[in-house]
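Residue-level listing of the chains:
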Amino acid sequence: MKNVQSPLKKIKRNHFIFDDFKLFKEIILKYESNLIFVNLYFQGEPLLNKEISKFIEICSKHKIYTHISTNGISLDSTLIKQFIKNKLTKITFSLDGFSNETYTKYRKNSNLHKIISNILLFKEIKEKEKSFFPIIEIQLIVNKYNEHEIPQIKEWCQKNKFLFKQKTIQIYNNYNLLPQNEKYSRYVKKNNNFILKKNTSSMCKRIFYHLIITSDKEVVLCCQDKIPEFIISKDNLNNINKIWFSKKFNYFRAQVLKNNLYLCKNCGI
């Protein structure tokens, strides 16, 4: 197997929603003893799945923590109450700017006012329900347009008792979005090239306890394989154990540990 080098990153999917609840339930029931946490999102908007609350409910019934990450635009009071009732563990809102001007530089054709209103509505309903869960987290991907707003967003999160998560932006071939302040960037410029600050030779632990399933029902190597390119299994989720211990999966794990995959050279985890 060759190490794939792909300079142009375009997500290739036939489906953008994993809405097969029957299959999802089968997987949960079969492997519940091995499951601790389920992230109900991967490079997409989970609220597009109109039955997302059912996915959360089946997990909570089997004492499995759940997490969704959303732009928040599709939230309403009914959905918020369902999330609280079905015991969603954590919800992360992508808030990549604190003014509409900066926010829409990265999140095109969106509405910051609507998103902030929905976040505050979530907080209000959660307090009325006197529920600890879900934990509300605000995530900021820092770029050159919003880096000056970091103090404002942090202060707003502190005021509303939200968790705050700051992430570096991942770049493939267009470095115009990189923050001017290098401390907010995962890259450093060296010999006219941008390289990761961190040491990519350190061992990645996630490949030994995470299983990523795309909306096309493909098992892929890791959460960095967004296209995807490193497909372990395709549309065959009847035997997760077989996939997990397969020669193909172990081969790719070995390549990660040897630092042979370009995915690792652009990873901020």
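Residues numbered from 1 in each chain as written. Predicted model: local features only at pLDDT ≥ 70, side-chain atom pairs only at ≥ 80, totals over all residues. Heavy atoms only, no water.

A few points about the side chain of asparagine 146
Right, so step 1: Inspection of the secondary structure puts asparagine 146 in the loop between β4 (135-142) and α6 (150-160).
Right, so step 2: A polar contact of 3.3 Å, which involves the side chain of asparagine 146, links it to the backbone oxygen of aspartate 96.
Right, so step 3: One polar contact links the side chain of asparagine 146 to the main-chain carbonyl oxygen of isoleucine 141, over a distance of 3.0 Å. (Helix = DSSP H or I, 4+ residues; strand = E, 2+ residues; numbered from the N terminus. Polar contact = N/O pair within 3.5 Å; in protein donor to acceptor, adjacent residues only side chain to side chain.)

Section: the sheet that holds strand β3 (residues 90-94)
Right, so step 1: Strand order in this open sheet of five strands is β1-β2-β3-β4-β5, and the pairing throughout is parallel. Two strands close off the open sheet at either side, each with one partner strand: β1 (37-39) and β5 (163-168). Here the strands of the sheet are splayed against their neighbours by 20° on average, with no regard to which way each runs.
Right, so step 2: Inspection of the sheet shows strand β2 (residues 65-70) paired to β3 by four bridges, in the parallel sense. (Pairing = 2+ DSSP bridges. Axes fitted to C-alpha atoms, helices over the stretch in contact; angles between N-to-C directions.)

A word on the sheet that holds strand β8 (residues 212-213)
Right, so step 1: Here three strands make up an open sheet; going across it, the order is β8-β9-β10 and the pairing antiparallel. If you trace the sheet from one side to the other, it starts and ends with β8 and β10 (231-234), each paired once.

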